[in-house]
Amino acid sequence: MKIGAALGFNLIDYPGKIAAVAFAPGCNYTCPHCHAKPILGTAAPINEDDFLKYLITVKDWVNGVVICGGEPTLQPGLVPFIKKLRAECFSVKLDTNGSNPQVLAQLLSDKLVDYVAMDIKGPKFLWPSLSGNAGAETAMMESIATVARFPDYEYRTTVAPVVRGDEDISFLTVPEMVSAARLIAKVTGRADHKYYVQKFVPRKNGLLDPRLEVFPETPPQLLQDIHEEVLNYLPNCQLRG
Ligand code: SF4
């Protein structure tokens with residue numbers, strides 16, 4: 001698998017695990033608020049064998065591997081890479097934008113991934129502008145349903161500014177986030193999912209759409225209001241800093 005960047009260990013990205021992180025370069029979305037894609041596009045690649053050798057040297061205390069991106073499911077080498085991790089008894093978490101339900105289904109049926117985190121970009125009617133991809137609805141709906149069948153999983157949404165028009169950019173609203181939460185419950189037929197509402201963090205000279213760089217972090221009051229309303233539809237919703 002192509003690895004664009006890596007972290008040796010991390011206590012945050014994989015709940016309950018000490019996990020190394022592999023960032024897969026390349027993504028089929030162009031979310032305006034993305035800061036990962038520009039970095040991964042220019043980073044020097046890391047050799048997969050070197051990463052695996054490192055993992056074997058630390059396997060006494062690193063017990064998980066997070067594969068994120070970019071979008072890892074685009075890579076033909078993903079499944080073989082995870083099989084190598086499994087052979088060394090690592091737990092595996094995959095972060096995905098949900099654009100590739102076929103790969104998720106394979107990972108599920110082959111029991112290759114323990115934890116999936118799927119980005120829900122916002123309400124369905126805004127997915128084209130939030131993801132930069134006008135044809136992703138069917139795949140994302142299928143992925144929402146598939147993700148709920150993994151041993152552990154979460155959905156998450158970054159409350160980012162939305163480009164609604166050339167002169168109209170504003171944060172996702174409470175009703176829009178309620179719409180996203182209701183869709184998750186409707187597609188899966190359940191409401192007991194982990195759902196994280198995350199704040200947008202601006203980065204100077206580092207977002208795919210530079211117009212978003214002038215925005216502040218998501219206002220705390222907006223996050224609180226969203227949390228309060230979304231709890232009515234997904235009772236396990238939590239705010240994530
Ligand atoms: S899905 Fe969006 S935020 Fe995630 S890496 Fe791709 S462009 Fe960036």
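Residues numbered from 1 in each chain as written. Predicted model: local features only at pLDDT ≥ 70, side-chain atom pairs only at ≥ 80, totals over all residues. Heavy atoms only, no water.

**Comments concerning the overall build of the protein chain**
Alright, step 1. Within the protein chain one finds 8 helices and 10 strands.
Alright, step 2. A compact globule built from 241 residues should have a C-alpha radius of gyration of about 18 Å, and the protein chain, at 18 Å, falls within 12% of that.
Alright, step 3. If one aligns the C-alpha atoms of the protein chain with their principal axes, the spans along those axes are about 50 × 40 × 30 Å.
Alright, step 4. Across the protein chain, the fraction of contacts at a sequence separation of at least 24, relative to all contacts at a separation of at least 6, is 69%.
Alright, step 5. When the accessible surface of the protein chain is totalled, it reaches about 10,900 Å², and 55% of it is carbon and sulfur.
Alright, step 6. The average position of the 24 basic charges and that of the 26 acidic charges among the side chains of the protein chain differ by 4 Å. (Helix = DSSP H or I, 4+ residues; strand = E, 2+ residues; numbered from the N terminus. Rg over C-alpha atoms; globule rule 2.2 N^0.38 Å. Contact = heavy atoms within 4.5 Å. Areas by Shrake-Rupley, 256 points an atom, 1.4 Å probe, with all protein chains shown as cover. Lys, Arg positive; Asp, Glu negative; His and termini not counted. Charge placed at Lys NZ, Arg CZ, Asp CG, Glu CD.)

**Some words on the side chain of Ser-91**
Alright, step 1. Along the chain, Ser-91 falls in strand β4 (residues 91-96).
Alright, step 2. Here Ser-91 falls in the buried class, since its relative accessible area comes to 15%.
Alright, step 3. Excluding its chain neighbours within four sequence positions, the residues that come into contact with Ser-91 are Tyr-14, Lys-17, Asn-63, Gly-64, Val-65, Arg-86 and Asp-114. (Buried < 20%, exposed > 50% of the residue type's maximum accessible area, 1.4 Å probe, protein only.)

**Things to note about the pattern of salt bridges**
Alright, step 1. In this structure the tally under the stated criterion is 14 salt bridges.
Alright, step 2. One salt bridge connects Asp-95 with Lys-93, and the closest N-O pair in it is separated by 2.6 Å.
Alright, step 3. The exposure class assigned to Lys-93 is buried, which follows from its relative accessible area of 2%.
Alright, step 4. Across the pair Arg-240 and Glu-154 runs a salt bridge whose closest N-O atoms are separated by 2.9 Å. Placement of the pair is Arg-240 in strand β10 (residues 237-240) and Glu-154 in strand β6 (residues 152-159), with a sequence separation of 86 residues.
Alright, step 5. Residues joined by salt bridges that share partners form a network here, namely Lys-93, Asp-95, Asp-119, Lys-121, Glu-154, Arg-156 and Arg-240. (Salt bridge = Lys/Arg side-chain N within 4 Å of Asp/Glu carboxyl O.)

**A look at the pairing of strand β2 (residues 19-24)**
Alright, step 1. For β2, a buried count of 5 out of 6 residues is recorded, marking the element as mostly surrounded by other parts of the structure.
Alright, step 2. Relative to β2, strand β1 (residues 5-10) runs antiparallel, the two being bridged by 4 bridges. In the sheet register, Asn-10 faces β2, and the bridge partner there is Ala-19.
Alright, step 3. The pairing of β2 with strand β3 (residues 64-69) spans 6 bridges and is classified as parallel. By the bridge assignment, Ala-22 is partnered in β3 with Ile-67. (Pairing = 2+ DSSP bridges.)

**Points about the site of the ligand**
Alright, step 1. Contacts to the ligand come from Cys-27, Tyr-29, Cys-31, Cys-34, Gly-70, Asn-97 and Lys-121.
Alright, step 2. Looking at the shell around the ligand, its residues break down into 4 nonpolar, 2 polar and 1 charged. (Near = heavy atom within 4 Å. Nonpolar A, V, L, I, M, F, W, Y, C, P; charged D, E, K, R; others polar.)

**A few points about the sheet that holds β3**
Two orientations exist for strands paired in a sheet by backbone hydrogen bonds: parallel and antiparallel.
Alright, step 1. Read across the open sheet, the 8 strands follow the order β1-β2-β3-β4-β5-β6-β9-β10; overall the sheet is mixed. Of all strands in the sheet, those with a lone pairing partner are β1 and β10, marking the two edges. When strand polarity is set aside, the average angle formed by the axes of neighbouring strands in this sheet is 20 degrees.
Alright, step 2. Across 4 bridges, strand β9 (residues 195-199) lies against β10 in parallel orientation. Residue Tyr-195 lies in a different strand from β10, and its bridge partner there is Cys-237.
Alright, step 3. Across the face of the sheet, helix α6 (residues 137-147) comes into contact with β5 (115-119) and β6 while running at roughly 150 degrees to β5.
Alright, step 4. Relative to β10, helix α8 (residues 220-230) is tilted by about 165 degrees, and along the sheet it contacts β6, β9 and β10. (Axes fitted to C-alpha atoms, helices over the stretch in contact; angles between N-to-C directions.)

**As for the packing of aromatic side chains**
When we look at a pair of aromatic rings, we describe it by the centre distance and by the angle of the planes.
Alright, step 1. The tally for this structure, following the rule as stated, stands at 6 aromatic pairs.
Alright, step 2. Both rings, one in Tyr-14 and one in Tyr-115, keep their centres 5.9 Å apart while their planes meet at 65 degrees; by these two values the pair is edge-to-face. Remark: Tyr-115 occurs in strand β5 and Tyr-14 occurs in the loop between β1 and β2; sequence separation between them is 101 residues. Comparing Tyr-14 with Tyr-115 shows no difference in burial state: the two are buried.
Alright, step 3. Considering the side-chain rings of Tyr-153 and Tyr-155, the 5.6 Å spacing of their centres and the 65 degrees angle between planes classify their relative orientation as edge-to-face. Comparing Tyr-153 with Tyr-155, the two get one shared label, buried.
Alright, step 4. Through successive ring pairs, a cluster of aromatic residues spans Phe-171, Phe-200 and Phe-215.
Alright, step 5. The ring of Tyr-196 carries the charged tip of Arg-240 above its face, separated from the ring centre by 3.7 Å. (Phe/Tyr/Trp six-rings, centres within 6.5 Å; stacked < 30°, edge-to-face > 60°. Lys NZ or Arg CZ within 6 Å of the ring centre and 35° of its normal.)

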